[in-house]
Amino acid sequence: MRWAKPLDIELLLKVAAAHDALVTLEEGAIMGGAGSAVSEALQAAGVVKPLLQLGLRDEFIEHGDPARLLALQGLDAAGIEASITARFGVLRPTDKPAKVTLKSVA
């Protein structure tokens, strides 16, 4: 997503049409976050597509080193890969994993 609000619905629908499933990832809460907005927009457009929302669970999170805290929430590279694999299965040998760069916007 180029920005969180307003949601670029035109771009979202193009991406959804070009993919079998979608994954949203955010350093904020899942509940009421950008992934929820994506889900609502897809539903409003009548698009039925598997959607995995990754972000902070609705629970108290310790304070400390950001990288360590993201890892504890499963939001580091290994945790993200594990969540995607658990939801959608193992990559086929011909699939090339996407290069993921995590970037904080603050």
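Residues numbered from 1 in each chain as written. Predicted model: local features only at pLDDT ≥ 70, side-chain atom pairs only at ≥ 80, totals over all residues. Heavy atoms only, no water.

Novice: Teacher, can you tell me more about the overall build of the chain here?
Specialist: A tally of regular secondary structure across the chain gives 4 helices and 2 strands. Going from the N terminus to the C terminus, the chain shows its helices and strands as α-β-α-β-α-α. Going through the 106 residues of the chain one by one, you find that 23% of them count as buried. Within the chain, contacts between residues separated by at least 24 positions form 65% of all contacts whose residues are at least 6 apart in sequence. When the accessible surface of the chain is totalled, it reaches about 7,900 Å², and 59% of it is carbon and sulfur. (Helix = DSSP H or I, 4+ residues; strand = E, 2+ residues; numbered from the N terminus. Buried < 20%, exposed > 50% of the residue type's maximum accessible area, 1.4 Å probe, protein only. Contact = heavy atoms within 4.5 Å. Areas by Shrake-Rupley, 256 points an atom, 1.4 Å probe, with all protein chains shown as cover.)

Novice: I tried to follow the pairing of strand E2 (residues 51-56) on my own but got confused; where do I start?
Specialist: Taken residue by residue, a regular strand's side chains alternate between the two faces of the sheet. Of all the 6 residues making up E2, 5 are buried; the element is thus mostly covered by neighbouring parts of the structure. After leaving strand E1 (residues 22-29), the chain enters helix H2 (residues 34-44) and then returns to the sheet as E2, a path that is right-handed. (Right-handed = clockwise from strand over helix to strand, strands pointing away.)

Novice: Before we go on, may I ask you to explain the nonpolar core in this structure?
Specialist: Counting 7 residues, the largest nonpolar core consists of Leu12, Ala16, Leu22, Val38, Ala41, Leu42 and Leu51. Sort the elements by how many residues they give to this core and H2 lands first, with 3 residues. Within the second largest apolar cluster, 6 residues are counted, among which are Leu56, Leu70, Leu75 and Ile80. (Core = buried A, V, L, I, M, F, W, Y, C linked by side-chain atoms within 4.5 Å.)

Novice: Just checking my understanding: could you explain the packing of helix H1 (residues 9-18) against H2 for this structure?
Specialist: Packed helix pairs are specified by the crossing angle of their axes together with the interaxial distance, meaning the distance between the axes. The N-to-C vectors of H1 and H2 enclose an angle of 80°; their axes lie 11 Å apart at closest approach. By the angle between their axes, H1 is roughly perpendicular relative to H2. In this structure, H1 uses Ile9, Leu12, Leu13 and Ala16 to contact H2, whose residues at the interface are Val38, Ala41 and Leu42. Residues that form the contact of H1 with H2 fall into these classes: 7 nonpolar, no polar and no charged. (Axes fitted to C-alpha atoms, helices over the stretch in contact; angles between N-to-C directions. Parallel < 35°, antiparallel > 145°, perpendicular 65-115°, else oblique. Nonpolar A, V, L, I, M, F, W, Y, C, P; charged D, E, K, R; others polar.)

Novice: What exactly am I supposed to notice about helix H4 (residues 77-88) here?
Specialist: Residues spaced three or four apart along an α-helix face the same direction, because each turn holds 3.6 residues. Between its first and last C-alpha atoms H4 spans 16 Å; for 12 residues at 1.5 Å apiece the expected length is 16 Å, and the two agree. Taken from the residues just after H4, glycine 89 is the one with a positive phi, measuring 95°. (Expected span 1.5 Å × (residues − 1).)

Novice: Looking at this structure, how should I read the side chain of glutamate 26?
Specialist: Along the polypeptide, glutamate 26 turns up in strand E1. Of note is the side chain of glutamate 26, whose polar atom sits 3.0 Å from the backbone nitrogen of alanine 34. There is a polar contact of 3.0 Å between the side chain of glutamate 26 and the backbone nitrogen of glycine 35. In this view, glutamate 26 contacts Gly33, Ala34, Gly35, Leu54, Gly55, Leu56 and Leu75; residues no more than four positions away in its chain are not counted. (Polar contact = N/O pair within 3.5 Å; in protein donor to acceptor, adjacent residues only side chain to side chain.)

Novice: What is the right way to look at the environment of glycine 55 in this model?
Specialist: Examined against the element boundaries, glycine 55 turns out to sit in strand E2. Distance from glycine 55 to threonine 24, taken between C-alpha atoms, is 8.1 Å for residues 31 residues apart in sequence.

Novice: Hey, could you run me through a nonpolar patch on the surface in this one?
Specialist: The grouping of Val23, Ile84 and Phe88 at the surface amounts to a nonpolar patch, some 200 Å² of accessible area in total. Inspection of the secondary structure puts valine 23 in strand E1. (Patch = residues over 30% accessible without salt bridge, like charges linked within 9 Å, V, L, I, M, F, W, Y side chains within 5 Å. Salt bridge = Lys/Arg side-chain N within 4 Å of Asp/Glu carboxyl O.)

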